[in-house]
Amino acid sequence: MHPSPSVIIFTALSGLGFGLLVFLGLKMPDVTGVLAFIFFVIGFGLAVGGLISSTFHLGRPERSLKAFKQWRSSWLSREAIAAVFTLSVMAVYAIGRIFFDYDIRILGVAGAIMSIVTVFTTSMIYAQLKSIPRWNTKLTPAYFLSLSLAGGALLAGQIKFCLLLLLISGIIQLLVWIKGDRALALSGTTIESGTGLGTIGRVRAFEPPHTGTNYLLKEFVHIVGRKHSAKLRIIALILMIGTPILLLSLSFSYFLAALSVISHIAGLFISRWLFFAEAEHVVGLYYGKR
Amino acid sequence: MTTLPDKTERKLGLVIDLDTCVGCHACVISCKGWNTENYGSPLADVDAYGENPVGTFLNRVHSYEVTPDEGTSQLVHFPKSCLHCEDAPCVTVCPTGASYKRSEDGIVLVNESDCIGCGLCAWACPYGAREMDGVEKVMKKCTLCVDRIYNENLEPEDQIPSCVRTCPAGARHFGDFNDPESHVNKLVLERGGMDLMPEQQTKPVNKYLPPRPKDTLGEIDILAPLLKPVAEKPDTFIGWLNKQLDKI
């Protein structure tokens, strides 16, 4: 898949933002007034910034309000509704915490649960796609949710939770890669099943339908980036998981925490880039590519 | 609504005969022509006369080399367009309802004025049947020439999809798969019509007829007739000349 910056930024930032809102909704940390204001601004900034970034992916962003209609069948529509609903609930909760030192507990808890639900809906946009075997697994929601919560705990300064969640995220990330590398082969979809010619013999793409490129190849067949995927996986794991665990285990200082956050986000972007760049859409098989 | 109908009254679709397709791409061009001039926004070409021309097409013809375990390889031309799947994954993912499957005839269509160009339907389609238009930024796909098949202003023989009307080899057939007596159903039965990527569980309506086994000639020496003298006893001028020349 083409690793489009708007979708990488969207999933990474909104995941972090909603992750932070989970912890803020659960009063971890228990902050009010100016401090609460800063935390909520970061949480909303990341979540809303990510959502705005996602609209850059649209061909016709001026019609994006129509995306709220088809929640019965569409995960993308469900995500749009969940995000707006969550942010509205959290906004009321945040106003209480910031300006009135008042804790509307039910809204905090509801907002935290809805934040998790929102990240889950985001992950299901990808996990539902049979056409992309690497994503079509329960590991995809696990990957999105674990990293969202780990990043949220990191931003919220919940060190114990953060260490545990980072460790879980690291394990899930490894599983995503190990299982993902075999997903296309295990899916059973091949150039033979795609053309129905497998009963005659081995099939090789002899001639593409066109001399230039097309939308399908640009959007779905991204081979260049995969060349360095082994190195990038190691870098992602070190930055996203290893470095923050190491720094946070040393001792707590704001400097080390800030460094952990920067390292984690840099690693997260590489991990998310790989998530898209490594994903093989089965349509590539028709072109003799993966 | 982007939920799929349980059942459609008619099940319109195509049968594509891989045995007779000669790979001329006439269906590609007629499709592009008809769908640029008629229903919906035109199928754009970007940088058409420049270095990197890219265009939107609803139908494309691949060519594959198929090599059996024994014997020679064969070339199969493979036209591919929307299969109007019964369980169309492109429809259910659409957040706006722009993509829908019609309950009356099963055609999968895009209402372009509702399309936000998110591209998720193209992601969901395993066949690459949907392409985002490079200029209009909305999703384009085969309409089964919905503006021809019900168009009573056209001659009856033209009330079929443009690709079917155009195919000079008769490799494309259009009909109702819900009608057991339809010629598309008969073709599928006779020739073992098959689904593409059945494991993707999309239940495609369009069917493909596999290439028939090549027939073979018996053991003959094809050069033998050429080795025989044309005339045993030549009695023409050439024969006389031949004799005289032999004497020298």
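All values derive from a computational prediction rather than experimental measurement.

**What about the overall build of chain A?**
Broken down by element type, chain A carries 10 helices and 1 strand. Tracing chain A from N to C terminus, the helices and strands come up as α-α-α-α-α-α-α-β-α-α-α. Computed over C-alpha atoms, the radius of gyration of chain A comes to 21 Å, within 12% of the 19 Å expected from 2.2 N^0.38 for 290 residues, which places it in the range of a compact globule. With respect to the three principal axes, the spread of C-alpha positions in chain A is 75 × 45 × 30 Å. Counting the 290 residues in chain A, one finds 48% classified as buried.

**A word on the interface of chain A and chain B**
One frequently used descriptor of interface size is the decrease in accessible area upon assembly of the parts. Listed per partner, the contact involves 48 residues of chain A and 54 residues of chain B. If you list the elements that add at least two residues to the side of chain A that touches chain B, you get α3 (75-99), α7 (191-195), β1 (202-207) and α8 (215-220) of chain A. At 6 residues, the largest contribution of residues to the side of chain A that touches chain B is made by β1(A). Of the residues belonging to the side of chain A that touches chain B, the class tally is 17 nonpolar, 21 polar and 10 charged.

**With respect to the sheet that holds strand β5 (residues 74-81) of chain B**
Strands pair in a sheet through their backbones, by hydrogen bonds, and they do so in one of two ways: parallel or antiparallel. Strand order in the open sheet formed by 3 strands is β1(A)-β4(B)-β5(B), and the pairing between neighbours is antiparallel. Two strands lie at the open edges of the sheet, namely β1 of chain A together with β5 of chain B, each paired on one side alone. For this sheet, the mean inter-axis angle between neighbouring strands, taken without regard to orientation, is 40°. Where β1(A) lies against strand β4 (residues 59-67) of chain B, 5 bridges are found, and the strand directions are antiparallel. Bridging from a neighbouring strand, A:V203 pairs with B:V66 of β4(B). Contacts from helix α1 (residues 26-37) of chain B reach β4 and β5 of chain B within the one sheet, and its direction differs from that of β4(B) by about 165°.

**A look at the packing of helix α1 (residues 5-25) of chain A against helix α5 (residues 139-155) of chain A**
Residues and elements named next belong to chain A. Their axes nearest at 7 Å, the elements α1 and α5 cross at an angle of 60°. At the point where α1 passes α5, the crossing takes the right-handed sense. Along its contact with α1, which presents G15, L16, F18, G19, L20, V22 and F23, the element α5 presents F144, L147, S148, L149, G151, G152, A153 and L155. A per-class count over the contact of α1 with α5 returns 10 nonpolar, 5 polar and no charged.

**Observations regarding the sheet that holds strand β1 (residues 12-17) of chain B**
Residue and element names in this part refer to chain B. Spatially, β10-β1-β11 is the arrangement adopted by the 3 strands of the open sheet, whose pairing is mixed. Since the sheet does not close on itself, it has two edges, and those belong to β10 (172-176) and β11 (207-209), each with one partner. The average undirected angle you get between the axes of adjacent strands in this sheet is 25°. As judged from the 3 bridges shared by β1 and β11, these two strands associate in the parallel manner.

**Concerning the environment of B:L109**
All names here are of chain B. With respect to the secondary-structure elements, L109 resides in strand β7 (residues 108-110). In this structure, the C-alpha to C-alpha distance between L109 and T67, residues 42 residues apart in sequence, is 37 Å. Those residues in contact with L109, other than ones at most four positions away along the chain, are Y100, R102, T143 and V146.

**A word on the confidence of the model for chain A**
Considering every residue of chain A, the mean pLDDT works out to 94; 99% of them sit at 70 or more. Ranking the elements of chain A by mean pLDDT puts α8(A) last with 91 and α5(A) first with 98.

**Let's talk about the packing of α1(A) against helix α4 (residues 105-127) of chain A**
Residues and elements named next belong to chain A. Where α1 contacts α4, the axes come no closer than 7 Å and their chain directions differ by 160°. When the axis of α1 is compared with that of α4, the two are roughly antiparallel. Where α1 crosses over α4, the two elements pack in a sense that is left-handed. Where α1 approaches α4, its residues T11, S14, G15, F18, L21, V22 and G25 are matched on the opposing element by G108, V109, G111, A112, S115, I116, T118, V119 and T122. Classifying every residue of the contact of α1 with α4 by side-chain character gives 7 nonpolar, 9 polar and no charged.

**What to know about the environment of B:E181**
Residue and element names in this part refer to chain B. Residue placement: E181 occurs in the loop between β10 and α6 (183-191). You can call E181 exposed: it has 8 C-beta atoms within 10 Å. E181 sits 133 residues away from A48 along the chain, and the two C-alpha atoms are 45 Å apart.

**A word on the pairing of β10(B)**
Consecutive side chains of a regular strand alternate in pointing toward one face of the sheet and then the other. Residue and element names in this part refer to chain B. Most of β10 sits out of view: 4 of its 5 residues are buried. Pairing of β1 with β10, which is carried by 5 bridges, proceeds in the antiparallel orientation. Residue pairing across strands places I16 opposite R172, the latter belonging to β10.

**Considering unusual backbone geometry**
Following A:M28, the chain continues into A:P29 via a peptide bond in cis, with omega recorded as 5°. Along the polypeptide, A:P29 turns up in the loop between α1 and α2 (33-55). Of note in the backbone geometry, A:K27 takes a positive phi value of approximately 55° without being a glycine. Classification of A:K27 as partly exposed rests on a count of 15 C-beta atoms within 10 Å. Its identity as a non-glycine residue notwithstanding, B:Q201 has a phi of 55°, on the positive side. Within the element layout of this structure, B:Q201 appears in the loop between α6 and β11. For B:Q201, a count of 12 C-beta atoms within 10 Å translates into the label exposed.

Reading guide: rules and limits
Residues numbered from 1 in each chain as written. Chains lettered and ligands numbered in written order. Predicted model: local features only at pLDDT ≥ 70, side-chain atom pairs only at ≥ 80, totals over all residues. Helix = DSSP H or I, 4+ residues; strand = E, 2+ residues; numbered from the N terminus. Rg over C-alpha atoms; globule rule 2.2 N^0.38 Å. Buried ≥ 20, exposed ≤ 12 C-beta atoms within 10 Å, placed from the backbone. Contact = placed C-beta atoms within 7 Å. Nonpolar A, V, L, I, M, F, W, Y, C, P; charged D, E, K, R; others polar. Pairing = 2+ DSSP bridges. Axes fitted to C-alpha atoms, helices over the stretch in contact; angles between N-to-C directions. Left-handed = near helix turned anticlockwise from the far one by under 90°. pLDDT = per-residue confidence, 0-100. Parallel < 35°, antiparallel > 145°, perpendicular 65-115°, else oblique.

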